[in-house]
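# Structural characterization, general
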Amino acid sequence: MAHRSARRRRPFGHAALTGPAVQRIVVLASGSGSNLQAVIDGCVGGVIAADVVGVVSNRSDAYALTRAADAGIAAELVTRVGDEERRHYDQRLAASVASFEPDWVVLAGWMRILTSEFLDRFPGRVVNLHPALPGELPGTRAIERAWDEAVAGERTASGVMVHLVPDEGVDDGPVLASRVVPVDASGTLETFAAAVHDTEHQLLVETLAGLCASDSS
Ligand code: GRF
């Protein structure tokens, strides 16, 4: 089923008559969805020239689904069935995401590795958020691992990056933006994690604002 509404159809040709194109963002989220919320707020507030037209989760208990419902955004749950092969799951996931006809697919706390079965459906259009600097701490628990290294005296800073996802590499791909977050090992993990999350929310919104502005012009 296609989810594109007439109101949101992108204009062809007569931009002066119809206004600027509004980009369509689909967010994939597995958890709390605080980054999803930042993107929704950025779109509603006019910072990002886009609509979040769909949210897809792989977890029925993801609070991101509640955030989508509260914002009146269509949400779909695509769970893995039994011992379903990863590539088959990714085909179903891609079909769900494609039904929203996205300009951008944003992985915001999406906790599954995506195969080319998914990525090849949206070339150059998948954006990932990683709570560490480029080339550092790929995979899960990046914040906790950065903290452990700081406590061991091995680092004084970590950060956040937003990047394109061209292939199956984990937390790797052309960097769109990154920002350093200092780690104060005399503080607490909770304080450091909060600083990373604040930075994620800001950097993701800023980056999507830039992408959607340049894509609409
Ligand atoms: C974020 O730190 C994200 O970078 C990581 O998981 C966390 C998700 O947070 N991969 P939320 O669900 O957006 O609140």
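Note that the coordinates shown come from a computational prediction; the quantities given were computed from them, not determined experimentally.

### With respect to the packing of aromatic side chains
Applying the stated criterion to the full structure yields two aromatic pairs. Across from the ring centre of Y89, 4.3 Å away, lies the NZ or CZ of R112, which sits over that ring. Its end group placed over the ring of W104, R125 keeps NZ or CZ at 4.2 Å from the ring centre.

### Section: the pattern of salt bridges
Tallied over the entire structure, the rule returns six salt bridges. One salt bridge connects E136 with R155, and the closest N-O pair in it is separated by 2.9 Å. Pair noted here: E136 is in the loop between strand 5 (126-130) and helix 6 (142-151) and R155 is in the loop between helix 6 and strand 6 (157-164), with a separation of 19 residues, a long-range link. Shared partners join several salt bridges into a network, and the residues in it are E136, E149 and R155.

### Notes on the side chain of S30
Along the chain, S30 falls in the loop between strand 1 (23-28) and helix 2 (34-44). Accessibility expressed as a relative area gives 6% for S30, which makes it buried. Of the polar contacts made by the side chain of S30, one reaches the backbone nitrogen of M111; its length is 2.8 Å. The contact partners of S30, leaving out residues within four places of it in the chain, are S57, N58, R59, A62, G109, W110 and M111.

### What to know about the confidence of the model for the protein chain
Taken residue by residue, the protein chain gives an average pLDDT of 92. The fraction at 70 or more is 89%. Throughout residues 5-17 the model reports pLDDT below 50, and contacts reaching past four residues in sequence, or to other chains, amount to 17 contacts.

### Things to note about the site of the ligand
In the region of the ligand, the neighbouring residues are G31, S32, G33, S34, N35, G109, M111, L129, P131, H197 and E200. With respect to the ligand, the side chain of S34 contributes an N or O atom lying 2.5 Å from an oxygen atom. With respect to the ligand, the side chain of E200 contributes an N or O atom lying 2.3 Å from an oxygen atom. Considering the ligand on its own, with 370 Å² of exposed area, one finds that the protein chains cover 83% of that surface. At the level of secondary structure, the elements contributing two or more residues to the shell around the ligand comprise helix 2 and helix 7 (189-216). Of the residues in the shell around the ligand, the class split is three nonpolar, seven polar and one charged.

Parameters and conventions
- Residues numbered from 1 in each chain as written.
- Predicted model: local features only at pLDDT ≥ 70, side-chain atom pairs only at ≥ 80, totals over all residues.
- Heavy atoms only, no water.
- Phe/Tyr/Trp six-rings, centres within 6.5 Å; stacked < 30°, edge-to-face > 60°.
- Lys NZ or Arg CZ within 6 Å of the ring centre and 35° of its normal.
- Salt bridge = Lys/Arg side-chain N within 4 Å of Asp/Glu carboxyl O.
- Helix = DSSP H or I, 4+ residues; strand = E, 2+ residues; numbered from the N terminus.
- Buried < 20%, exposed > 50% of the residue type's maximum accessible area, 1.4 Å probe, protein only.
- Polar contact = N/O pair within 3.5 Å; in protein donor to acceptor, adjacent residues only side chain to side chain.
- Contact = heavy atoms within 4.5 Å.
- pLDDT = per-residue confidence, 0-100.
- Near = heavy atom within 4 Å.
- Areas by Shrake-Rupley, 256 points an atom, 1.4 Å probe, with all protein chains shown as cover.
- Nonpolar A, V, L, I, M, F, W, Y, C, P; charged D, E, K, R; others polar.

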